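Architecture and fold: a report
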Amino acid sequence: MPEMTCAALIVAGGRGSRFGATLPKQYAPVCGIPLIRRTVQKLLDHPDVNAVRVVIHPDDIELYDSALDGLSLLDPVFGGETRQESVLNGLESLVDDRPDIVLVHDAARPFVSNRVISSVIEALGRAPGALPALPLTDTIKRSARGLILETVDRSGLYRAQTPQGFRYDDILRAHRGAAGCALTDDAAVMEKAGLDVLLVEGCEENFKVTTPEDHSRAERLVRDNAQTRVGTGFDVHRFVQGESVTLCGVEIPHEFALEGHSDADVALHALTDALLGAIGAGDIGLHFPPSDPRWKGAASKVFLEHAVSLVREKGGSIVNVDVTLICESPRIGPHRSAMIAVVADVLGIDADRVSVKATTTEGLGFTGRKEGVAAQALANLAFLG
Ligand code: MG
């Protein structure tokens with residue numbers, strides 16, 4: 001099958017009246033990140049999705065801008081009075097791009113998996129429409145006024161999820177033809193047009209965050225999927241003639257200086273490498289080549305700040321760091337709390353999450369001969385799911 005172009009429409013026009021909050025539920029944070037950002041990121045991250053557009057309520061422009069800041073998206077379009085109208089507006093907005101297929105996904109389903117998205121796309125090679133669904137497991141009752149009328153045969157009944165995928169030309173034609181009908185999902189629009197829609201296996205985690213209980217479940221799921229990552233760093237700088245050294249950003253009068261292209265802060269270099277190591281982002285020399293004159297005499301805080309911003313961009317937070325300086329001199333103890341304060345400030349974490357220790361090598365080796373200072377560091381990061 002030739003490569004298909006695939007656009008995703010995220011439907012986010014709802015007012016979330018069932019959620020009981022003033023903020024529309026799709027913009028509410030889940031463990032610090034707006035629900036809609038989590039959802040959009042899932043589609044953006046899928047290798048077969050070429051473009052993502054969000055259909056929003058006209059009142060939500062500011063919320064949209066702040067929730068999705070920095071993501072590479074097509075400009076949002078406004079939805080209509082109903083979900084069906086909103087999807088039609090989204091489909092019409094793609095007329096010039098005319099993707100081969102389009103995925104329509106609820107903004108309030110942030111836990112959709114790559115597998116589900118891939119299954120839907122793959123099924124569109126066999127039919128003009130596909131949707132993920134799960135069989136009903138509970139016994140189904142029909143009731144009126146609290147009284148059970150009958151037990152419904154649940155065989156063949158499924159709970160429909162999103163993303164629902166369609167060949168673009170088919171769904172656009174079907175939606176245009178169904179304008180004004182009150183259909184609750186896009187598969188129903190296809191059914192009305194007499195077009196086949198395949199079922200693929202959904203997943204339980206792909207639930208729609210609708211009630212406050214769903215929101216709590218979403219936060220639990222994010223925390224359950226949290227990852228810990230650690231990185232280590234090591235660095236050495238040689239003593240040369242001079243009057244002071246800079247260690248962990250603190251200048252200390254000394255009988256020597258440390259040699260280096262920057263301010264030779266061996267401790268911050270090790271710590272920078274530990275952070276870069278934890279996110280697999282190379283080493284300090286890759287980001288700040290010693291051959292670059294910009295970094296001559298630079299305060300090494302700049303390097304650490306850069307590593308911190310990379311960690312944040314990747315969605316990580318720093319849990320704690322541990323730095324060990326290895327030298328016979330200078331004495332570190334008197335400067336330890338100043339060093340901790342500098343590091344905690346640059347990392348944006350509390351001082352009790354920063355450790356700065358010192359040791360000697362009992363007169364052995366290059367540090368024992370006072371030829372230089374070595375430092376090692378460990379960084380511990382948390383990434384919420
Ligand atoms: Mg260095």
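So, a few notes on the structure that sits alongside this text. (Residues numbered from 1 in each chain as written. Predicted model: local features only at pLDDT ≥ 70, side-chain atom pairs only at ≥ 80, totals over all residues. Heavy atoms only, no water.)

Here the magnesium ion is held by Asp 235 (OD), His 237 (NE2) and His 269 (ND1), and the distances to it run 2.1 to 2.3 Å. In primary-sequence terms, the residues that donate to the magnesium ion follow D-x1-H-x31-H. Pair noted here: His 237 is in strand β13 (residues 227-241) and His 269 is in helix α8 (residues 266-278), with a separation of 32 residues, a long-range link. Relative accessible area serves as the criterion here: at 13%, His 237 is assigned to the buried category. The exposure class of His 269 is buried, given its relative accessible area of 8%. (Donors = N, O, S within 2.8 Å, 3.2 Å for Na, K, Ca; no water. Helix = DSSP H or I, 4+ residues; strand = E, 2+ residues; numbered from the N terminus. Buried < 20%, exposed > 50% of the residue type's maximum accessible area, 1.4 Å probe, protein only.)

Bringing helix α5 (residues 168-178) into the picture now. Within α5, the full set of buried residues consists of Tyr 168, Asp 170, Ile 171, Leu 172, Ala 174, His 175 and Ala 178. Packed against the buried residues of α5 are α3 (83-92), β6 (101-106), β11 (164-167) and α6 (186-192). In the segment just after α5, Gly 180 is the residue with positive phi, at about 95 degrees. (Contact = heavy atoms within 4.5 Å.)

Once that is clear, we can look at the nonpolar core. Formed by 46 residues in total, the largest nonpolar core has its most connected members in Leu 247, Leu 275, Ile 318, Leu 325, Met 339 and Leu 347. Breaking this core down by element, the ones donating at least two residues are β14 (244-247), β15 (250-253), α8, α10 (301-313), β17 (316-326), α11 (336-347), β18 (354-359) and β19 (372-383). Among the elements that take part in this core, α8 stands out by supplying nine residues, more than any other. Every residue in contact with Leu 275, bar those within four places of it in the chain, is listed here: Leu 304, Ala 307, Val 308, Val 311, Ile 318, Leu 347, Ala 379 and Leu 381. Membership of the second largest hydrophobic core comes to 30 residues, among which are Leu 43, Leu 68, Leu 103 and Ala 130. (Core = buried A, V, L, I, M, F, W, Y, C linked by side-chain atoms within 4.5 Å.)

The amide bond that connects Thr 162 to the next residue, Pro 163, takes the cis arrangement and shows omega of 10 degrees. With respect to the secondary-structure elements, Pro 163 resides in the loop between β10 (158-160) and β11. The omega torsion of the bond from Ser 329 to Pro 330 falls at 0 degrees, within 30 degrees of zero and hence cis. Within the secondary structure, Pro 330 is located in the loop between β17 and α11. Its identity is not glycine, yet Arg 145 carries a phi of approximately 50 degrees, on the positive side. Turning to its location among the elements, Arg 145 is positioned in the loop between β8 (140-144) and β9 (147-152). Of note, the phi angle at Lys 370 is positive, near 55 degrees, even though the residue is not glycine.

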